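Next come the chains, spelled out residue by residue.
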Amino acid sequence: MLIKREQRIILAGDDIAASEITPRAVFENRRRVLQAAGAASLAAAGGVLGMSRAAFGAYASPNPKAQKLAAATNAKFVVPEKVTPYQDVTTYNNFYEFGTGKSDPSENAGTLRPHPWRVSVEGEVKNPKVYDIDELLKLAPLEERVYRHRCVEGWSMVIPWVGYPLAELIKRVQPTSNAKFVQFITLADPSQMPGIADPILNWPYSEGLRMDEAVNPLTLLTMGVYGQVLPNQNGAPIRVVLPWKYGFKSAKSIVKIRFVDKQPPTSWNAYAPNEYGFYSNVNPTVDHPRWSQATERRIGEDGFFQPKRKTLMFNGYGNLVASMYQGMDLRKYF
Ligand SMILES: Nc1nc2c(c(=O)[nH]1)N[C@H]1C(S)=C(S)[C@@H](COP(=O)(O)O)O[C@H]1N2
Ligand SMILES: [Mo]
């Protein structure tokens, strides 16, 4: 079949060998790791490959008051693009529990109390458990991953998250054979969240994934960003990050992770079912009913003359996720 190499890389699933699709990324990532190691030896901190740039000060204390989270960079998951400035990552946000404006979360989320915090992992699992956030922080080795982040509104960023695969938690609670989906339920406390007074969305904010999506190695249970614990506006103390899906799937400030047998209701789908589907995979060929999804504005580089970027199928992560959707009509399951 005559398809351009570029498209094959993005659209192909398991049929293309990893060796064929990764050289450039591997090269770029190795360079980043070497840079990190270089910074490390300059700082006489050791020069251990794979240790975090954060740990070595590449992200020098973006917020001097925040707790640091040491994490090894997982070079396999570092996109070779310029990282979005900390200032943009933490002041241009969507977190409707604190208001609908982009600066509302950073201005209003000071009332959120992310510690102490507990997450109930429940439903169709052999080992249901209420986890304390301090236990979750130590459950598996923390990794730093630099992911693309694409909002359904048409903007994007490149963000250095800290966390570990959700699969690490899932294997400990042991889903039963009835577990077909995972639902994320987030905090809805009007005393901490002024936006809850406004019934724009069905609170608590709810999102969900199919089981294979939940255990996909890209799915990151996330506790930090820029080498530090999450700022409240980014979903402290714990959220998920799903880089091949539109941002709204990445639920913030999670209090329940529930394993269920049926596709769970989700807040944005309930709000406008024709605009926000359950899957919400980034897809430049399926427009939002009110705007095109073919291009995006990269926050931090959006000057007046800056051309928009082309949005990539599955946000560029097709080699890791496309096989999960083989045989599905992605116009129907948008
Ligand atoms: N609880 C909750 N989670 C949420 C949202 C929200 O309003 N409430 N907004 C979503 C949307 S639309 C996006 S684009 C991302 C934004 O994440 P960021 O602000 O850390 O970039 O969070 C998602 N998670
Ligand atoms: Mo979004």
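Each value, and the rule that gives it
- Residues numbered from 1 in each chain as written.
- Chains lettered and ligands numbered in written order.
- Predicted model: local features only at pLDDT ≥ 70, side-chain atom pairs only at ≥ 80, totals over all residues.
- Heavy atoms only, no water.
- Salt bridge = Lys/Arg side-chain N within 4 Å of Asp/Glu carboxyl O.
- Helix = DSSP H or I, 4+ residues; strand = E, 2+ residues; numbered from the N terminus.
- Buried < 20%, exposed > 50% of the residue type's maximum accessible area, 1.4 Å probe, protein only.
- Phe/Tyr/Trp six-rings, centres within 6.5 Å; stacked < 30°, edge-to-face > 60°.
- Lys NZ or Arg CZ within 6 Å of the ring centre and 35° of its normal.
- Core = buried A, V, L, I, M, F, W, Y, C linked by side-chain atoms within 4.5 Å.
- Contact = heavy atoms within 4.5 Å.
- UniProt positions renumbered as here; feature names shortened; annotations may be inferred.
- 1 Å grid on protein atoms, 1.4 Å probe; cavity = no way out; pocket = protein on both sides within 12 Å on 5 of 7 lines; lining within 4 Å.
- Polar contact = N/O pair within 3.5 Å; in protein donor to acceptor, adjacent residues only side chain to side chain.
- Points joined across faces, edges and corners; volume = space filled by probe spheres on them.
- Nonpolar A, V, L, I, M, F, W, Y, C, P; charged D, E, K, R; others polar.
- Pairing = 2+ DSSP bridges.
- Axes fitted to C-alpha atoms, helices over the stretch in contact; angles between N-to-C directions.

Turning next to the pattern of salt bridges. Summed over the entire model, instances satisfying the criterion amount to 16 salt bridges. Salt-bridge contacts for glutamate 213 lead to lysine 245; the nearest nitrogen and oxygen are separated by 2.7 Å. With glutamate 213 in helix H8 (residues 211-214) and lysine 245 in the loop between strand E10 (239-241) and strand E11 (254-260), the pair connects residues that are 32 residues apart, well separated along the chain. As far as the burial class goes, glutamate 213 and lysine 245 line up, both buried. Between arginine 290 and glutamate 275 there is a salt bridge, with its nearest N and O atoms 2.8 Å apart. Taken together, the positions of arginine 290 in the loop between helix H9 (267-271) and strand E12 (295-298) and glutamate 275 in the loop between H9 and E12 put the pair 15 residues apart, joining distant regions of the chain. According to the relative accessible area criterion, glutamate 275 is buried, its value standing at 15%.

Summed over all chains, the structure comprises 16 aromatic pairs. When the centroid spacing of 4.9 Å and the interplanar angle of 85 degrees are considered together, the rings of phenylalanine 95 and phenylalanine 98 count as edge-to-face. The pair phenylalanine 95 / phenylalanine 98 is uniform in exposure class, with both members buried. Consider the rings of phenylalanine 314 and tyrosine 325, whose centres lie 5.5 Å apart with planes at 20 degrees: the pair is stacked. Remark: tyrosine 325 occurs in the segment after helix H10 (318-321) and phenylalanine 314 occurs in the loop between strand E13 (309-310) and H10; sequence separation between them is 11 residues. Of the residues examined, phenylalanine 314 reaches a relative accessible area of 3% and is grouped as buried. You can call tyrosine 325 buried: its relative accessible area is 3%. The ring centre of tyrosine 92 lies 5.8 Å from the NZ or CZ of lysine 102, which sits over that ring. In this arrangement the basic side chain of arginine 148 is found over the ring face of tyrosine 317, its NZ or CZ atom lying 5.7 Å from the centre.

Before going further, it helps to examine the nonpolar core. One finds Ile257 and Phe259 to be the most contacted residues of the largest nonpolar core, which totals 87 residues. Looking at this core, the element that brings in the most residues is strand E5 (residues 155-165), giving 7 residues. Once you skip the residues sitting within four places of it in the chain, isoleucine 257 turns out to touch Val119, Ser120, Val121, Glu122, Leu166, Leu169, Val182, Gln183 and Phe184.

Taken from the UniProt record, the annotation "binding site: Mo-molybdopterin" (unreviewed entry) applies to Asn93, Tyr96, Glu97, Cys151, Thr186, Asn234, Arg239, Ser250, Ala251 and Lys252. Checked against the lining of the second largest pocket, the annotated residues just named reduce to Asn93, Tyr96, Glu97, Cys151, Thr186, Asn234, Arg239, Ser250, Ala251 and Lys252. Residue placement: arginine 239 occurs in strand E10. Among the polar contacts listed, one links the side chain of arginine 239 to the backbone oxygen of asparagine 234, at a separation of 2.9 Å. Following the sequence through the fold, lysine 252 ends up in the loop between E10 and E11.

With that out of the way, let us pick up the side chain of asparagine 216. Summarising the element assignment, asparagine 216 is placed in the loop between H8 and strand E8 (220-225). Overall, the relative accessible area of 6% leaves asparagine 216 in the buried class. Polar contacts involving the side chain of asparagine 216 include one to the main-chain carbonyl oxygen of leucine 320, which spans 3.1 Å. Once you skip the residues sitting within four places of it in the chain, asparagine 216 turns out to touch Trp244, Leu320, Val321 and Met324.

Turning our eyes to something else, we now look at the layout of surface pockets. The volume enclosed by the second largest pocket comes to roughly 440 Å³. Together, 29 residues line the second largest pocket, and Asn94, Phe95, Tyr205, Gly247 and Phe248 are the ones closest to its centre. Of all the secondary structure elements, the ones that give two or more residues to the lining of the second largest pocket are strand E4 (143-150) and E5. Among the elements that make up the lining of the second largest pocket, the one with the highest residue count is E5 (3 residues). Taken together, the residues of the lining of the second largest pocket break down into 16 nonpolar, 7 polar and 6 charged.

Before going further, it helps to spend a moment on the sheet that holds strand E7 (residues 206-210). Pairing in this open sheet of 5 strands is mixed, and the strands run E3-E2-E11-E6-E7 from one edge to the other. Edge positions in the sheet fall to strand E3 (129-132) and E7, since each has one partner strand and no second. Averaged over all pairs of adjacent strands, the angle between strand axes in this sheet comes to 20 degrees, irrespective of strand direction. The pairing of strand E6 (residues 181-186) with E7 spans 5 bridges and is antiparallel. Of the residues in E7, the one forming a bridge with phenylalanine 184 is glutamate 207. The strands touched by helix H7 (residues 166-173) are strand E2 (118-123), E3, E6 and E11; relative to E11, the strand with the most contacts, the crossing angle is about 60 degrees.

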